[in-house]
Structures are given as structure tokens and as C-alpha cells.
Amino acid sequence: MSETELTVTAHDSIHAIGAEAWDACACPEAEGGGRPEDPFTTHRFLAALEDSGSVGPGSGWHPHHLTVTRADQVIACAPLYLKGHSQGEYIFDHAWAHAYERAGGRYYPKAQIAVPFTPVTGRRLLTRPGNEDEGRAALLQGATALAAQNRLSSLHVTFCTDDEEAAGERAGLLARQTQQYHWHNRGYRDFDDFLGHLSSRKRKTIRKERARAQAFGGEIVSLTGDDIRPAHWQAMWEFYQDTGARKWGTPYLTRAFFDLAQDRLRDDVLLVLALRGGRPVAGAMNLIGRSALFGRYWGCAEDHPCLHFELCYYRAMDFAIEHGLQRVEAGAQGEHKLARGYLPRATHSLHWLRDPGFAEAVAQYLDAERAAVEEEIEILTGYGPFRKTPMEDHE
């Protein structure tokens, strides 16, 4: 093998790839102990999913991670899974699966480059700096070849970046656009400074919501790092299990994941807990990136007015302002976020479908869907809570 030749290899566990080699591609900005831009693609996060049994046998998410090597150095990698269903993805292809199977095909298993259970935009085609173009191209070629050789129906790359979308289109994949809600920090000094940019009516509504939430009869604490204790994880697991059972039927993460989070991920995590009599009665779990806070899970043991908004949205904004983060991504769906300053933003995915006729039908659908999504983003943005002119609605 020449020193310029690239080799693509599939691995059935993240542990088959050294943490140093993986993170050199996934989060080179964190070398030396800095915070990663995307905590979800770090070796430690993906390993926690595997080691806890949240992915792997019986989960429908089977690791098949890719590496690209040159002269024994990993220059690119991707978190790839063979999927036996379409759960835990948040960019939905259920209708595609039904159509494919009604036509006599077998949609599952399929290949998915993604972070399981995580509707967060980030790099999915991970490359060492300076190897972006050839690394992405090799990963896409290797992933589509793997899918084709194993006669899989499809390959999907979900919540990828704009640059990766462009690379995928050059490689012949179909691009899809969806949307979710993000809050952007415009250099606010504090929460009141943010409120000053809203219309009077929205500003008053948020102040009332925060006052109602904070009057629930206890205290609200924000914890990260060593301030998070095992008892806090136990409470968060109970909240997560209750919410997951109502939303998805079966929660995706196992109890063991929360123990591993205490051991390996607590510096990446912000827990916002409502305590009454010293006991957690509600909580929100976030992961902290270099420039963003990512809201992930919420749950409660008691219902209190507006407490969900306070813990999930307003405390996240407080944290972002205090720590100079550029945005808060509050997860999938939820038009109720709009009135609270979270505006719609486009999200992207890539899709390769083995059957040419089916691929053509999906391509036509995606063209129409993209136009509808772009129109919806424009309309919803106009309904946001911000003042339309600098002098509008000053108190």
C-alpha cells in the first residue's frame, strides 16, 4: 500500500478505534483538555451508549463505525449503525419504509450515520483538519459501497452540516431539509437584556411565566461537573423514564447510561433541577458544547405551572448568556418554543437509496418538501417574539 492510498474499514465497536485517533477527527479543537464543539460525537459519549447497552444487541442500533486510514493514521471516521427500525432518529422516514415494503422491498436493515437518539446538528463525517475533502469523500464512498454490497435498502446521514450536505450531493446522495428551533445569543448582557429585544406583550408573558415557575415551592439549581452526584442521576433517570414511556413507549437510554454519565460525562453535562424539600421533583438534562448548549431530556414527578419552560428554556438561556455560548438548541419539534425566543432553523440530512425508481420518487418528494419547509421557516420567523423595529413596544 502506498503512503497516499486510503483504506476504509468498518468496526463493530467504538472500542476497536482508539479514543485518541477518533477524537483527533471528532473534536480536534478539544486537544489538551478543551471543550469539544460537539460533545455527542466524542469517543466517550459514543462509548457510553455502547457500554450501557443503549445501542448494540436488542436495540436495533448495531455499531458498524467507519475509519479511513492513510499510512496507518486515521484521517477520518464516522459513527455508522445498521438499523432494524427507524426509531430514535428524529428525521423521519417511516413513510418511505412503508412505501418500499408495500412495493415488495425490504427496507430494514438500513445504514445510518448518526448519533443515536440525538436530534442535534453536527459533523457526521469526522476528519482530521486538512483532510476534509478526501476524508468525507472516502467515508461516503465506503458507506454507500457497504450498503450496496450488503444489499441494504438505503444509507442515511442525519443532522449533518451544510458542508457535509454539499459533499453528499457531489457524491450523488439526496439532500433533505427539515427544521427545529434554536435560541441565538446576540451578545446579551443578561436575561433582562434579551427581554428588552422582545415586544412588550411577549416580554410580559415570559416574566409572568418565570415568576409562576419560581413560585413552585422550592429552589432551582444548575449543576455540572463534580457538583452532580449519583442521587441526581437517579432522579434524572426516573424523570427520563416517565417522559420516554409517554413519548416513545420504551425509553431509549438504559439505566446504566446514567451511571456511566456520572463517571465519564459529568463535565459535559448541565443538570437543571427543581428541588422541593431537598428532593428533585423535576429536571432537565443538557450537554455543553464549546459554543452551544444542547437541551436533551426533561421530566417531572410533580406538575407545576410553567416549570417546564423555566428549566428547559429560560435556565438554558441564562447559562448560555453567563458562559458566552452562541446558541441553545432545545431539541426536536415544539412550536411553543417560538414565543420564547427560539426561532426555526434548517436542519439537513443525506439519503442514498439502492433502488433507482424509488430514489427518483423520493427525490421528487424532497424537492416539494424543501420548498414547504423554507416557506414555513420564513412564516414562523415572522411570528417570533422580537420587536419588528428598534423603537417598537419600549416600556
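Below is a short write-up of the structure.

Analysis parameters
Residues numbered from 1 in each chain as written. Predicted model: local features only at pLDDT ≥ 70, side-chain atom pairs only at ≥ 80, totals over all residues. Heavy atoms only, no water. Helix = DSSP H or I, 4+ residues; strand = E, 2+ residues; numbered from the N terminus. Buried < 20%, exposed > 50% of the residue type's maximum accessible area, 1.4 Å probe, protein only. 1 Å grid on protein atoms, 1.4 Å probe; cavity = no way out; pocket = protein on both sides within 12 Å on 5 of 7 lines; lining within 4 Å. Points joined across faces, edges and corners; volume = space filled by probe spheres on them. Nonpolar A, V, L, I, M, F, W, Y, C, P; charged D, E, K, R; others polar. Pairing = 2+ DSSP bridges. Axes fitted to C-alpha atoms, helices over the stretch in contact; angles between N-to-C directions. Contact = heavy atoms within 4.5 Å. Salt bridge = Lys/Arg side-chain N within 4 Å of Asp/Glu carboxyl O. Phe/Tyr/Trp six-rings, centres within 6.5 Å; stacked < 30°, edge-to-face > 60°. Lys NZ or Arg CZ within 6 Å of the ring centre and 35° of its normal.

1. Let's talk about unusual backbone geometry
Right, on to step 1. Residues Tyr108 and Pro109 are joined by a peptide bond in cis, for which omega reads 0°.
Right, on to step 2. Relative to the assigned elements, Pro109 resides in the loop between helix H3 (94-102) and strand S6 (110-113).
Right, on to step 3. Here Phe159, not a glycine, exhibits a phi torsion of approximately 55°, which is positive.
Right, on to step 4. A residue is classified by how much of its surface remains accessible, and Phe159, at 3% relative accessible area, is buried.

2. Here's the deal with empty space enclosed by the protein
Right, on to step 1. Scanning the entire structure with this criterion turns up two cavities of 30 Å³ or more.
Right, on to step 2. The calculated volume of the largest cavity comes to roughly 70 Å³.
Right, on to step 3. Phe40, Phe45, Leu49, Pro116, Phe117, Thr118, Leu253, Phe257, Met285, Leu287, Arg296 and Tyr297 together form the lining of the largest cavity.
Right, on to step 4. Of all the elements in the fold, those that place two or more residues in the lining of the largest cavity are helix H2 (43-51), strand S12 (279-288) and strand S13 (292-300).
Right, on to step 5. Tallied by class, the residues present in the lining of the largest cavity amount to 10 nonpolar, one polar and one charged.

3. So, the sheet that holds strand S8 (residues 154-160)
Right, on to step 1. Sheet architecture is open: 11 strands sit in the order S2-S5-S6-S8-S15-S9-S14-S13-S12-S11-S10, paired in mixed fashion. The sheet is open, and its two borders are formed by strand S2 (61-63) and strand S10 (219-224), each paired with just one other strand. Put simply, the sheet's adjacent strands are angled 30° from each other on average, direction ignored.
Right, on to step 2. With three bridges connecting them, S6 and S8 associate as parallel partners. Bridge pairing in S8 places Gln112 opposite His156.

4. Overview of the environment of Val55
Right, on to step 1. Within the element layout of this structure, Val55 appears in the loop between H2 and S2.
Right, on to step 2. Taking relative accessible area as the criterion, Val55 reaches 3% and is therefore assigned buried.
Right, on to step 3. As for Val55 and Leu253, which are separated by 198 residues in sequence, their C-alpha atoms are 8.3 Å apart.
Right, on to step 4. Residues within four places of Val55 in sequence aside, it is in contact with Leu49, Glu50, Trp61, Pro63, Tyr81, Pro116 and Phe117.

5. A closer look at the pattern of salt bridges
Right, on to step 1. Following the criterion strictly, the structure yields 19 salt bridges and no others.
Right, on to step 2. Between Arg44 and Asp268 there is a salt bridge, and its shortest N-O distance comes to 2.8 Å. On the criterion of sequence distance, the pair formed by Arg44 in helix H2 and Asp268 in the loop between helix H9 (255-265) and strand S11 (269-276) is long-range, its members being 224 residues apart.
Right, on to step 3. Taking the relative accessible area as the measure of exposure, Arg44 reaches 29% and is therefore partly exposed.
Right, on to step 4. On the basis of relative accessible area, Asp268 is assigned to the buried category, the value being 4%.
Right, on to step 5. Close ionic contact of Arg264 with Asp51 constitutes a salt bridge, the shortest N to O distance being 2.9 Å.

6. Here's the deal with the packing of aromatic side chains
Right, on to step 1. Scanning the entire structure with this criterion turns up 23 aromatic pairs.
Right, on to step 2. Where Phe40 meets Phe45, the ring centres are 5.3 Å apart and the plane angle is 85°; that geometry is what we call edge-to-face. Side by side, Phe40 and Phe45 carry an identical accessibility label, which is buried.
Right, on to step 3. Here the aromatic rings of Trp183 and Phe194 are separated by 5.7 Å at their centres, their planes lie at 80°, and the arrangement is edge-to-face. One end of the pair, Trp183, is in strand S9 (residues 174-184); the other, Phe194, is in helix H6 (residues 191-195), and 11 residues separate them in sequence. Here the two residues Trp183 and Phe194 agree in accessibility, since each one is buried.
Right, on to step 4. An aromatic cluster is defined as three or more aromatic residues linked by ring pairs; in this entry it consists of Phe40, Phe45, Trp233, Trp237, Tyr240, Phe257, Phe258, Phe294 and Tyr297.
Right, on to step 5. The positively charged end of Arg296 is found above the aromatic ring belonging to Tyr297, 4.8 Å away from the centroid.

7. With respect to the sheet that holds strand S1 (residues 6-11)
Right, on to step 1. Spatially, S1-S3-S4-S7 is the arrangement adopted by the four strands of the open sheet, whose pairing is antiparallel. Only two strands of the sheet have a single neighbouring strand rather than two, namely S1 and strand S7 (126-127).
Right, on to step 2. Sitting on the sheet, helix H1 (residues 19-26) is in contact with strand S3 (65-70), strand S4 (73-78) and S7, with an inclination near 65° to S4.

8. Looking at the pairing of S4
When a strand is regular, its side chains alternate between the sheet's two faces.
Right, on to step 1. Here S4 lies mainly inside the structure; five of its six residues are buried.
Right, on to step 2. Bridge count between S3 and S4: five bridges; the pairing is antiparallel. In the sheet register, Val68 faces S4, and the bridge partner there is Ala76.
Right, on to step 3. Between S3 and S4, which pair antiparallel and follow one another directly, the connecting turn spans two residues, one of which, Ala71, has a positive phi of 50°.
Right, on to step 4. Where S4 and S7 come together, two bridges link them in antiparallel fashion. Residue pairing in the sheet places Ala76 in a bridge with Thr127 of S7.

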